[in-house]
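# Breakdown of the fold
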Amino acid sequence: LIRILLYGLTGPIDGKMYSSTMVALNGNDDAYIASALSYVRNSMGNKAPTVTPDMVKKIRQELAGRTKAWTMDELNAIPAKK
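Criteria and cut-off values
- Each chain carries its own residue numbering, running from 1 in the written order of its sequence.
- pLDDT decides what is reported in this predicted model: residues at 70 or higher carry local features, side-chain atom pairs at 80 or more are listed and counted, and totals for whole chains, interfaces and linings draw on all residues regardless.
- Excluded from the side-chain calculation are hydrogens and water; included are all heavy atoms of the structure.
- Stacked, tilted and edge-to-face pairs are distinguished by plane angle, under 30 degrees for stacked and over 60 for edge-to-face with tilted covering the rest, among Phe, Tyr and Trp rings (Trp via its six-membered ring) whose centres lie within 6.5 Å.
- Look at NZ for Lys and CZ for Arg. If either is within 6 Å of the ring centre and within 35 degrees of the ring normal, a charge sits over the ring.
- Helix and strand labels come from DSSP, where a helix needs a run of H or I of at least four residues and a strand needs a run of E of at least two; each type is numbered from the N terminus.
- Just to be clear on terms, a salt bridge is a Lys or Arg side-chain nitrogen sitting within 4 Å of an Asp or Glu carboxyl oxygen.
- For the exposure calls, accessible area comes from a 1.4 Å probe over protein chains only, and a residue counts as buried if that area is under 20% of its type's maximum, exposed if over 50%, partly exposed in between.
- Take the residue count of a helix, subtract one, and multiply by 1.5 Å to get its expected span.
- What the arc measures is the spread of directions leading from the helix axis to the C-beta atoms.
- Whether two residues are in contact is decided by their heavy atoms: any pair within 4.5 Å suffices.
- Definitions used for this entry: grid spacing 1 Å over protein atoms alone; cavity, a set of points where a 1.4 Å probe fits but cannot get out; pocket, an open set with protein on both sides within 12 Å along at least 5 of 7 lines; lining residue, one with an atom within 4 Å of a point.
- Grid points are joined across faces, edges and corners, and a volume is the space filled by probe spheres set on the points.
- Gly counts as polar in this scheme, as do all residues outside two lists: the nonpolar Ala, Val, Leu, Ile, Met, Phe, Trp, Tyr, Cys and Pro, and the charged Asp, Glu, Lys and Arg.

## As for the packing of aromatic side chains
In this structure the tally under the stated criterion is zero aromatic pairs. Stacked on the ring of Trp70, the Lys or Arg Arg66 has its end atom at 3.6 Å from the ring centre.

Structure representation (structure tokens):
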């Protein structure tokens, strides 16, 4: 989710094509991204830990230089962390 908020999402999702790209929010600071994601997690009953600004910072640093929105194929190719 951090990747999606930072750079947006484009292309088909579950076979459905959307008319526009989800806007990237990477102009916001790490605390804003972390707060937004934590709010969404909690509002949907997710019991996962709170997203921290340090988590966002780490992903932002890993993706330095990226300029385009993600596709579902790209996201699905990222190995899940255990």
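## Side note on the environment of Thr52
Note that Thr52 resides in the loop between helix 2 (30–43) and helix 3 (53–62). Separated by 15 residues in the primary sequence, Thr52 and Leu37 place their C-alpha atoms 9.2 Å from one another.

## Topic: the pattern of salt bridges
For the structure shown, the criterion picks out five salt bridges. Note that Glu62 and Arg3 form a salt bridge whose closest N and O atoms lie 3.8 Å from each other. Within this pair, whereas Glu62 is found in helix 3, its partner Arg3 is found in helix 1 (residues 2–7), the two being separated by 59 residues in sequence. With relative accessibility at 44%, the residue Glu62 sits in the partly exposed group. The shortest N-O distance in the salt bridge between Lys58 and Glu62 comes to 3.5 Å. With Lys58 and Glu62 both in helix 3, this residue pair falls four residues apart, about one helical turn. Under the relative-accessibility criterion, Lys58 is labelled partly exposed at 43%. Through salt bridges with shared partners, a single ionic network connects Arg3, Lys58 and Glu62.

## Looking at helix 2
Taking 1.5 Å of rise per residue, the 14 residues of helix 2 would be expected to cover 20 Å, and the 20 Å separating its terminal C-alpha atoms lies within 8% of that figure. Taken residue by residue, helix 2 has Asp30, Ile33, Ala34, Leu37 and Ser38 as its buried positions. The arc that holds the buried residues of helix 2, viewed along the axis, is 125°, so those residues lie on one side. Residues of helix 2 that are exposed and point over 90 degrees away from its buried face: Tyr39 and Asn42. Against the buried residues of helix 2 lie helix 1 and helix 3. Of the residues flanking the end of helix 2, it is Gly45, one or two places downstream, whose phi is positive at about 80°.

## Points about the layout of surface pockets
Considered as a void within the structure, the largest pocket measures approximately 490 Å³ in volume. Together, 15 residues line the largest pocket, and Leu1, Ile2, Arg3, Arg41 and Ile59 are the ones closest to its centre. Among the elements of the structure, helix 1, helix 2 and helix 3 are those that each provide at least two residues to the lining of the largest pocket. For the lining of the largest pocket, a count of residues per class yields 10 nonpolar, one polar and four charged.

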